[in-house]
Amino acid sequence: MTVQRVLTGIKPSGTPHLGNYAGAIRPAIAASRHPGVESFYFLADYHALISTTDPLRVQRSTLEIAATWLAAGLDTERVWFYRQSDIPEITELTWLITCVAGKGLLNRAHAYKAAVDRNTAEGLDPDAGVNMGLYMYPVLMAADILMFKAHSVPVGRDQIQHIEMARDIAGSFNHLYGEHFVLPEAAIDASVATLPGLDGRKMSKSYDNVIPLFAAPAEMKKQIFSIVTDSKAPGEPKDADGSALFELYQAFATAEETRAMRTAFDEGIAWGEAKQALFEKIESALAPMREKYQALIAEPMQIERLLHEGAAKARAIATPFLAELRHAVGLRNLAAVATPAAVEKAKAALPQFKQYREADGRFHFKLVAADGRLLLQGEGFASPREAGSVVSALKQGAAFAVDGTRVVVDGQAVAALAEDVTPDELREALAVFAA
């Protein structure tokens with residue numbers, strides 16, 4: 001079974017609310033239980049420093065976010081759960097890839113461009129108030145992803161650009177130093193719930209309309225009863241599809257319970273009765289988690305222990321990989337310096353795979369001899385992961401057949417031999433990688 005690595009960053013900023021739980025936490029934890037998936041979850045505390053200089057807020061929010069995910073059922077035995085700042089390899093990798101990241105690429109980042117546009121509109125210096133943390137955010141995010149060779153990164157649509165930038169940076173590094181990084185893909189789940197807040201707009205801290213996930217029952221009930229509704233009286237049919245109250249209920253109810261509530265709306269349920277039903281439904285789902293959350297908050301050393309264990313587990317991957325990358329860029333043991341002649345001889349002996357994207361949007365690869373001669377031209381694939389998996393299989397000695405000039409693996413044509421290249425010559429080149 002092919003293992004898919006999925007990585008999720010969790011920025012510790014504020015107290016989680018119902019929208020965070022239904023839209024991100026609950027589906028992510030459910031996805032971590034799927035077979036064939038290796039899930040990485042990290043507390044992005046370095047990223048939090050970009051937007052706040054309050055150390056107590058960073059510390060408290062990190063504690064609350066970690067406790068929330070653990071209380072919601074994240075199994076640290078099954079997944080990698082760690083704090084970003086506990087993995088020093090990530091910051092070192094940030095510098096390595098900073099050295100191949102183009103300034104023009106970072107100039108196009110949405111957050112930076114928005115700050116520049118705002119300043120320009122107000123007649124200020126374009127970079128007024130812009131710290132380098134904001135500017136370099138995409139590089140740190142790329143390091144988070146590339147360090148663990150994540151195939152898939154669940155993000156909102158506003159974060160797709162950052163994944164594309166991570167791919168560009170990884171591609172530049174691979175081109176210069178060989179195939180080290182997996183090119184990640186953004187995963188957009190259209191089915192993820194976006195819950196309405198107290199005023200009917202999207203639940204968001206910026207709108208001040210949130211319901212805290214672990215508010216005390218009395219406070220939770222007070223907030224639910226303050227949800228804005230229309231003036232229809234008891235007995236008057238109500239529109240379930242236009243109701244924030246119904247959407248919230250649906251997010252926590254079974255399909256059967258949701259159908260029953262829709263019928264109640266059609267039959268004119270009183271708003272007070274509907275709000276009471278919503279409170280009871282949410283409370284029944286959250287009460288066990290609230291109890292675990294409060295126990296975790298009261299014992300922060302338990303969370304600290306789990307994070308240290310998660311960091312050790314993550315560094316078991318990161319430390320040897322960083323050593324590989326350090327060697328690739330030339331940060332090496334001076335006692336093992338090769339002579340220029342040996343370097344040239346080694347280069348001459350090694351073919352190289354190169355991956356790239358064509359203007360038609362499809363992903364290709366090619367195998368090139370050290371002298372620059374084309375040996376193999378890959379087909380166009382729908383995703384970089386598909387192209388990368390074929391490259392990986394060929395490197396690892398996968399059996400292939402040659403039909404004319406077509407190279408076939410597992411019954412699928414994956415590439416074509418270049419002109420005048422024989423199957424034996426291809427096998428000889430691939431044997432270098434297998435060795």
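Use the structure listed above.
First things first, this report covers the structure right here in the doc. Model, not experiment: these values are computed from the prediction.

**Remarks on the sheet that holds strand β9 (residues 401-403)**
Thought 1: Spatial ordering of the open sheet is given by β6-β7-β8-β11-β10-β9, a layout of 6 strands whose pairing is antiparallel. Edge positions in the sheet fall to β6 (352-357) and β9, since each of these pairs with one other strand and no more. The sheet shows a mean angle of 30° between the axes of neighbouring strands, taken without regard to direction.
Thought 2: Note: strand β10 (residues 406-409) against strand β11 (residues 412-417), 4 bridges, orientation antiparallel. Following the sheet pairing, V408 is matched in β11 by A413.

**Brief notes about the nonpolar core**
Nonpolar side chains in soluble globular proteins generally cluster together in the buried interior.
Thought 1: Counting 55 residues, the largest nonpolar core has L18, W69 and F81 as its most contacted members.
Thought 2: Those elements that place two or more of their residues in this core are α1 (18-31), β2 (37-43), α3 (55-71), α9 (217-224), α10 (244-252), α11 (255-266), α12 (271-298) and α13 (300-329).
Thought 3: Per-element tally for this core: the top contributor is α12, with 10 residues.
Thought 4: Once residues lying within four places of it in the same chain are set aside, the contact partners of L18 are L195, M203, I211, L213, F252, I282 and L286.
Thought 5: Membership of the second largest hydrophobic core comes to 47 residues, among which are I50, I90, A109 and F321.

**Some thoughts on the packing of helix α7 (residues 132-147) against helix α8 (residues 160-177)**
Thought 1: Here α7 crosses α8 at 75°, and the two axes come no closer than 9 Å. By the angle class used here, α7 and α8 are roughly perpendicular. Within the contact between the two elements, α7 uses Y137, P138, V139, M141, A142, I145 and L146 and α8 uses H162, I163, M165, A166, I169 and A170.
Thought 2: Classifying every residue of the contact of α7 with α8 gives 12 nonpolar, 1 polar and no charged.

**Some words on α9**
Note: α-helices contain 3.6 residues per turn, so residues at a spacing of three or four share the same orientation.
Thought 1: Looking only at α9, the buried set comprises M220, Q223 and I224. The buried residues of α9 occupy an angular sector of 100° when the element is viewed end-on, so they sit on one face. Facing away from the buried surface of α9 by more than 90 degrees, the exposed residues are A218 and K222.
Thought 2: Buried-residue contacts for α9 involve α12.

**Some details on the packing of aromatic side chains**
Thought 1: This model, assessed by the stated rule, comprises 15 aromatic pairs.
Thought 2: Look at Y82 and F148: their rings are 5.4 Å apart centre to centre, the planes differ by 50°, and that puts the pair in the tilted class. You can see Y82 sitting in strand β3 (residues 80-83) and its partner F148 sitting in the loop between α7 and β4 (152-154), a full 66 residues away along the chain.
Thought 3: With relative accessibility at 0%, the residue Y82 sits in the buried group.
Thought 4: Taken together through their ring pairs, the aromatic side chains of F40, F42, W80, Y82 and F148 make up a single cluster.

**Here's the deal with the pairing of strand β7 (residues 363-368)**
Thought 1: Burial analysis of β7 places 5 of its 6 residues in the buried class, which makes it a mostly covered element.
Thought 2: Direction of pairing for β6 relative to β7: antiparallel, over a ladder of 6 bridges. Following the sheet pairing, K354 is matched in β7 by K366.
Thought 3: Taken together, β6 and the strand that follows it, β7, pair antiparallel across an intervening segment of 5 residues, in which G361 is found at a positive phi of about 90°.
Thought 4: One ladder, built from 3 bridges, connects β7 with strand β8 (residues 374-378); its direction is antiparallel. Across the sheet, the residue bridging to L367 is L376, located in β8.
Thought 5: Adjacent in sequence and paired antiparallel, β7 and β8 are bridged by 5 residues, among which G372 carries a positive phi angle near 95°.

Definitions and cut-offs
- Residues numbered from 1 in each chain as written.
- Predicted model: local features only at pLDDT ≥ 70, side-chain atom pairs only at ≥ 80, totals over all residues.
- Heavy atoms only, no water.
- Pairing = 2+ DSSP bridges.
- Helix = DSSP H or I, 4+ residues; strand = E, 2+ residues; numbered from the N terminus.
- Axes fitted to C-alpha atoms, helices over the stretch in contact; angles between N-to-C directions.
- Core = buried A, V, L, I, M, F, W, Y, C linked by side-chain atoms within 4.5 Å.
- Buried < 20%, exposed > 50% of the residue type's maximum accessible area, 1.4 Å probe, protein only.
- Contact = heavy atoms within 4.5 Å.
- Parallel < 35°, antiparallel > 145°, perpendicular 65-115°, else oblique.
- Nonpolar A, V, L, I, M, F, W, Y, C, P; charged D, E, K, R; others polar.
- Arc of directions from axis to C-beta.
- Phe/Tyr/Trp six-rings, centres within 6.5 Å; stacked < 30°, edge-to-face > 60°.

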